[in-house]
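Now for the letters of each chain:
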Amino acid sequence: MTVKPRLLLIGVSCLLVAATACGPGGTPDEKKSATPQPTVEPLLKGGVTVAVKIDQPGFNVHSPQEHNYAGFDNDLSVYLARKLNYTASPTDVESKRREEVLQPGGAADLVIATYSITESRLSKVDFAGPYLNTRQGLLVKKGYTGIENRNDTAGKAICTAEGSTSDPNSTSISTDPEKTRKAVRNLLHKDARVETRKDYRQCVEELRRGDFEAVWTDRALLYGFAEVYDDVEVIKDFSTGELQRYGIGLPKGHPKDCARLVEGLRDFLQYRWKDAFRSHFPKLAELDRDFENTYKPDPAQLDGYSCQSGKSGKSD
């Protein structure tokens, strides 16, 4: 009979085809999974450009004459550079450009500039943090009693910085401008007259001249100005909005660098945070003897808010 040899030939042919398909080249799916992934260059190696504020008392002030920086954010930047073995090169950044400088081809590798972690910003950049917590408040001229609560802000001229979480026209809280405007406006009276300036220094200068009745932003940041100007003060019992959590901004797609920053922050919170805060906010530390509980994050928050690229969300 000729049937068996024909079947045998067909069987051998099938085996040959199968062997070819499953040989060294592998299946299409195996070939796809074996495709080399692009190498991500580490950020925290050699020279690292760090975007900072250069005129924000308490957090970072640049002295052109002495060619140095001083402040809480600067202490953190210096600590991390030494701990993680890289060289930090500071560069100035405005609040509204912090996301921009971290995009591909941007001007910075990190941002350490009183940078609040928000859902909107997490869609554009990654964070390691928080390293400081604060609520928002108002700075006024010393002795001014025209504002004691939210309703008192009706009709008042109030200044804040462009691109901040207090700016009604920014996308710092939500990518939906209308949602941001509504959320920010609800923190003060609907009739408050909020205007923006390039930075908080300009707001404070105009407040001192009498052009505004208050400056609105994070209380810790406002206390920095109260440390250096004797004619302004933070309204003691006025706070508004959700807790602001300051983090270190970095480009998306660098999980290893982010993890290294988190470990550096753990050490900073444990060994350096208290002395750095007391050094740069001496009046506030004296006024609020419980300043650690008020402004220092629980290290457990680092796991909930850091390195969110590829994760589904964050939690405390």
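In case you missed it, the structure is sitting above this.
Note that residues are indexed from 1 along each chain, following the sequence as it is written. Totals for whole chains, interfaces and linings use all residues, but because this is a predicted model, local features are given only for residues with pLDDT of at least 70 and pairs of side-chain atoms are given and counted only at 80 or more. Computation of side-chain values: all heavy atoms of the structure, hydrogens and water removed.

Caption draft 1: Local environment of the sheet that holds strand E3 (residues 60-63). Here, strands pair whenever DSSP counts at least two bridges between them. Under the scheme used here, helices are H or I runs from DSSP no shorter than 4 residues and strands are E runs no shorter than 2 residues, and both carry numbers assigned from the N terminus. In spatial order, the strands read E2-E3-E4; together these three strands make up an open sheet with antiparallel pairing. Of all strands in the sheet, those bounded by a partner on one side alone are strand E2 (55-56) and strand E4 (68-70). Sheet topology note: the E2/E3 ladder contains two bridges and is antiparallel. Residue pairing for E3: aspartate 55 is matched across the bridge by valine 61.

Caption draft 2: Quick peek at the state of the cysteines. Our working definition of a disulfide is a cysteine sulfur pair at a distance within 2.5 Å. Across all of its chains, the model carries two disulfides by this definition. A sulfur-sulfur distance of 2.0 Å marks the disulfide that ties cysteine 159 to cysteine 203. Of note, the bridge from cysteine 159 to cysteine 203 carries an S-S torsion of about -65° and is left-handed in sense. Of this pair, cysteine 159 sits in strand E8 (residues 157-161) while cysteine 203 sits in helix H6 (residues 200-209), and the two are 44 residues apart along the sequence. Only protein chains enter the area calculation, which uses a 1.4 Å probe; residues under 20% of their type maximum are buried, those over 50% are exposed, and those in between are partly exposed. Its relative accessible area of 0% is what places cysteine 159 among the buried residues. One disulfide bridge connects cysteine 258 with cysteine 307, the sulfur atoms lying 2.2 Å from each other. Residues cysteine 258 and cysteine 307 share a disulfide whose torsion about the S-S bond is about -100°; that sign makes it left-handed. Linking cysteine 258 in helix H8 (residues 255-271) with cysteine 307 in the segment after helix H12 (301-305), this pair joins segments that are 49 residues apart in sequence. You'll find cysteine 258 and cysteine 307 in the same group, each marked buried. Disulfides within the protein chain link the bonded cysteines, taken in sequence order, as 1-2, 3-4.

Caption draft 3: Up close: the packing of helix H3 (residues 72-84) against H8. Relative orientation of the contacting elements H3 and H8 amounts to 120°, with a least axis distance of 10 Å. What the angle tells us is that H3 and H8 run oblique. Taken as a pair, H3 and H8 cross one another with a handedness that is right-handed. Together, Phe72, Asp75, Leu76, Tyr79, Leu80, Lys83 and Leu84 of H3 and Arg260, Leu261, Gly264, Leu265, Asp267, Phe268 and Tyr271 of H8 make up the contact between the two elements. Lys, Arg, Asp and Glu make up the charged group, whereas Ala, Val, Leu, Ile, Met, Phe, Trp, Tyr, Cys and Pro make up the nonpolar group; the residues left over, Gly among them, are polar. Its residues assigned to classes, the contact of H3 with H8 comprises nine nonpolar, one polar and four charged. Only C-alpha atoms enter the line fits that serve as axes; for helices the fit covers just the stretch in contact. Angles between N-to-C directions range over 0 to 180 degrees. Angle categories are assigned with fixed cut-offs, so that under 35 degrees is roughly parallel, over 145 is roughly antiparallel, 65 to 115 is roughly perpendicular, and the rest are oblique. Each crossing is labelled by how the near helix is turned from the far one, with a counterclockwise turn of less than a right angle marking it left-handed and a clockwise turn marking it right-handed. The contact criterion used is simple: two residues touch if any of their non-hydrogen atoms lie within 4.5 Å.

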